[in-house]
Amino acid sequence: MEELDWSKLGFGYRPTSYNVRCYYRDGKWGEIEVCSDEYIKLHMAATALHYGQEAFEGLKAYRCPDGKVRLFRVEENAARLQRTADATLMPQVPTERFVEMARKVVRLNQQHIPTYESGATLYLRPLLIGVSPQVGVHPAKDYLFLIFVTPVGPYFKGGFSANPYVIIRDYDRAAPLGMGTFKVGGNYAASMRANAIAHSKGYASEFYLDSKEKKYVDECGAANFFGIKNNTYITPKSTSILPSITNKSLMQIAEDLGMKVEHRPVPEEELESFEEAGACGTAAVISPISHLDDLDTGKVYAFGDKPGPWSTKLYETLRGIQYGTVEDRHGWTSVVIE
Ligand SMILES: *Cc1c(COP(=O)(O)O)cnc(C)c1O
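Because the structure is predicted, anything quoted here is derived from the model rather than measured.

Things to note about the overall build of the protein
Next up, step 1: Looking only at helices and strands, the protein features six helices and 17 strands.
Next up, step 2: Radius of gyration (C-alpha) of the protein: 20 Å, near the 20 Å computed for a compact globule of 338 residues.
Next up, step 3: Within the protein, the fraction of its 338 residues that count as buried is 51%.
Next up, step 4: Sequence separation of 24 or more characterises 71% of the internal contacts of the protein that already satisfy a separation of 6 or more.
Next up, step 5: Accessible surface, the protein: about 15,600 Å² in total, of which carbon and sulfur atoms supply 51%.
Next up, step 6: Averaging the positions of the 38 positive and the 42 negative side-chain charges in the protein gives two centres separated by 2 Å.

Points about the UniProt feature "modified residue: N6-(pyridoxal phosphate)lysine" (unreviewed entry) in the protein
Next up, step 1: On the UniProt side, "modified residue: N6-(pyridoxal phosphate)lysine" (unreviewed entry) is annotated at positions that read Lys 183 here.
Next up, step 2: Mapped onto the fold, Lys 183 is located in the loop between strand S9 (163–167) and helix H4 (185–200).
Next up, step 3: Once you skip the residues sitting within four places of it in the chain, Lys 183 turns out to touch Ala 55, Phe 56, Glu 57, Gly 58, Arg 80, Thr 84, Tyr 188 and Leu 242.

Description of the packing of aromatic side chains
Next up, step 1: Scanning the model with the defined rule gives 16 aromatic pairs in all.
Next up, step 2: Their ring planes at 85 degrees and their centres at 5.8 Å tell us that Phe 72 and Trp 332 sit as a pair that is edge-to-face. Taken together, the positions of Phe 72 in strand S6 (residues 69–72) and Trp 332 in the loop between helix H6 (309–322) and strand S17 (333–337) put the pair 260 residues apart, joining distant regions of the chain.
Next up, step 3: Its relative accessible area of 7% is what places Phe 72 among the buried residues.

Considering the site of the ligand
Next up, step 1: As a structural note, the neighbourhood of the ligand is formed by 14 residues, with Lys 183, Tyr 188, Ser 244, Thr 246 and Thr 282 the closest of them.
Next up, step 2: Note that an oxygen atom of the ligand is positioned 2.6 Å from one of the side-chain N or O atoms of Lys 183.
Next up, step 3: At 2.5 Å, a side-chain N or O of Thr 282 approaches an oxygen atom of the ligand.
Next up, step 4: Contact with the protein chains covers 96% of the free accessible surface of the ligand, which is 380 Å².

A word on a nonpolar patch on the surface
Next up, step 1: Judged by side-chain polarity, Tyr 51, Val 135 and Val 137 come together as a nonpolar surface patch covering roughly 330 Å² of accessible area.
Next up, step 2: As for its position among the elements, Val 137 is in the loop between strand S7 (121–130) and strand S8 (143–152).

Re the pattern of salt bridges
Next up, step 1: According to the stated counting rule, one finds 16 salt bridges in the structure shown.
Next up, step 2: Salt-bridge contacts for Lys 8 lead to Asp 5; the nearest nitrogen and oxygen are separated by 3.0 Å.
Next up, step 3: Take Lys 8: its relative accessible area is 66%, and that puts it in the exposed class.
Next up, step 4: Among the ionic contacts, a cluster of salt bridges with common partners joins Arg 169, Glu 268, Asp 294 and Asp 296.

Remarks on the pairing of S9
Next up, step 1: Most of S9 is tucked away: four of the five residues are buried.
Next up, step 2: Sheet topology note: the S9/strand S15 (residues 285–294) ladder contains three bridges and is parallel. The residue of S15 that forms the bridge with Val 166 is Asp 293.
Next up, step 3: Note that S9 and strand S10 (residues 205–207) share three bridges and pair parallel. Bridging across to S10, Ile 167 finds its partner in Phe 207.

Remarks on the nonpolar core
Next up, step 1: Formed by 32 residues in total, the largest nonpolar core has its most connected members in Trp 29, Leu 71, Val 106, Leu 124, Leu 128, Phe 145 and Ile 147.
Next up, step 2: Mapped onto this core, the elements with two or more residues apiece are strand S1 (19–25), strand S5 (59–63), S6, helix H2 (74–87), helix H3 (95–108), S7, S8 and S17.
Next up, step 3: The element contributing the most residues to this core is H3, with six residues.
Next up, step 4: Leave out the neighbours within four places in its chain, and Trp 29 touches Cys 22, Tyr 23, Tyr 24, Pro 91, Gln 92, Val 93, Pro 94, Arg 97, Leu 128, Tyr 143 and Phe 145.
Next up, step 5: Membership of the second largest hydrophobic core comes to 22 residues, among which are Tyr 233, Met 251, Tyr 315 and Ile 321.

Scoring rules and cut-offs
Residues numbered from 1 in each chain as written. Predicted model: local features only at pLDDT ≥ 70, side-chain atom pairs only at ≥ 80, totals over all residues. Heavy atoms only, no water. Helix = DSSP H or I, 4+ residues; strand = E, 2+ residues; numbered from the N terminus. Rg over C-alpha atoms; globule rule 2.2 N^0.38 Å. Buried < 20%, exposed > 50% of the residue type's maximum accessible area, 1.4 Å probe, protein only. Contact = heavy atoms within 4.5 Å. Areas by Shrake-Rupley, 256 points an atom, 1.4 Å probe, with all protein chains shown as cover. Lys, Arg positive; Asp, Glu negative; His and termini not counted. Charge placed at Lys NZ, Arg CZ, Asp CG, Glu CD. UniProt positions renumbered as here; feature names shortened; annotations may be inferred. Phe/Tyr/Trp six-rings, centres within 6.5 Å; stacked < 30°, edge-to-face > 60°. Near = heavy atom within 4 Å. Polar contact = N/O pair within 3.5 Å; in protein donor to acceptor, adjacent residues only side chain to side chain. Patch = residues over 30% accessible without salt bridge, like charges linked within 9 Å, V, L, I, M, F, W, Y side chains within 5 Å. Salt bridge = Lys/Arg side-chain N within 4 Å of Asp/Glu carboxyl O. Pairing = 2+ DSSP bridges. Core = buried A, V, L, I, M, F, W, Y, C linked by side-chain atoms within 4.5 Å.

Below is the structure:
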């Protein structure tokens, strides 16, 4: 096998040995198939390609210091995919099937799971797509659910650090009653221009206000936002925010650590009052925000060039649970390989 330095990996695609697939035909799910082919044979009129009938998920398998490999809240990913399937008229993948396939694909790719020391992890990408042909706008009859894995590098190469973000008003990621709360590829297509602009100006990512009034905080690129003040963890509520499993977990951990938790609309002006702020999601757990620029008004919301004390505590606790070094009080992790 090629020599691979996992500690130098980024967040890209690298081939692994196997993926797992399951087809939905004639109104039912078939057998789980193990494949070594990285390609799928797809009808050129498949609904996924033309009308965006697709949903995805993202989670990680962690090789822990005790030698075991763990998954984090995999049932939550299954439940979220079911909600996205309902929203896009696709069949639900039963939780049991989702979990079985996730465990299987991790076990099949053992040699690709990075070591604990490398800081890298094995990323799982579940994908559900409409595969049968339609030219009119109708849901497909047949579907493919697959999970592939790829090793991804440590998010913070030089240690846990804070990054700048920029408010973008010219483009919306999702409509107020659109697909924002569902994990569909179309939301990402809609975010690419804003993301490219943010990068070209030297920011880690774009920052969205609500698409209707541009008054409230929405998402931090493809991650949820949280702010901290007066020992309170505050995260915005809206009809277009993707319900992040990381954020849900951080809300619980904040409460466990004795913080207050508020999940409510957050007006832009309130950004000024936060002592700490961050983006959260599976990739980084927490990516602290150093400052947030509003180029239209000239306002700069500054939260500190180094991760703050609460952000650091939350980050270390969640990461500790994922790696089996902090007590898993809520039963969030499951061992896949002993
Ligand atoms: C996936 C995703 C997140 C993060 O969700 P996690 O479950 O924490 O990984 C946040 N925002 C958007 C838009 C997403 O697609």
